[in-house]
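Understanding the architecture of this molecule
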Amino acid sequence: TSLVNDILMPFVGLALGSVDFTQLQIVLREGTATTEPIAVRYGLFINATITFVIVALVVFWISRRFLPKDAPVPETRSCPYCRELVALDATRCKFCTSELAPA
């Protein structure tokens, strides 16, 4: 949150013409000395949306960077007759001695 709010959002605001998103609001009823104004603070929503998108992109980038990309190629296959695992290039099942079609 600090990364987005304190480091990235000032650049976004500067790129959009020095807009401070936290101050954007539509006032529905002005406040008095004893009450707060009633307002729709859509700037906070924009700020939260930008924060979510940036955090989601960082998590996506980290997951793409550090998780394995391809599943390992299986070195075995299942015999269609006895369902035991045999080598991928086997021509005969070592358990039931059935002839196997090439993989």
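Here goes a summary of the coordinates provided. These figures come from a predicted structure and were not determined experimentally.

So, how was this worked out
Residues numbered from 1 in each chain as written. Predicted model: local features only at pLDDT ≥ 70, side-chain atom pairs only at ≥ 80, totals over all residues. Heavy atoms only, no water. Helix = DSSP H or I, 4+ residues; strand = E, 2+ residues; numbered from the N terminus. Contact = heavy atoms within 4.5 Å. Salt bridge = Lys/Arg side-chain N within 4 Å of Asp/Glu carboxyl O. Buried < 20%, exposed > 50% of the residue type's maximum accessible area, 1.4 Å probe, protein only. Phe/Tyr/Trp six-rings, centres within 6.5 Å; stacked < 30°, edge-to-face > 60°. Lys NZ or Arg CZ within 6 Å of the ring centre and 35° of its normal.

1. Brief notes about the side chain of Thr51
- One can find Thr51 in helix α2 (residues 42–66).
- Those residues in contact with Thr51 that sit more than four places away from it in its chain are Val4 and Asn5.

2. Regarding the pattern of salt bridges
- Applying the stated criterion to the full structure yields 1 salt bridge.
- Here Glu99 and Arg92 are joined by a salt bridge, their closest N and O atoms 3.2 Å apart.
- On the basis of relative accessibility, which here comes to 58%, the residue Glu99 falls in the exposed class.

3. So, the packing of aromatic side chains
- Under the counting rule described, the total for this entry stands at 0 aromatic pairs.
- The ring centre of Phe66 lies 5.8 Å from the NZ or CZ of Arg65, which sits over that ring.

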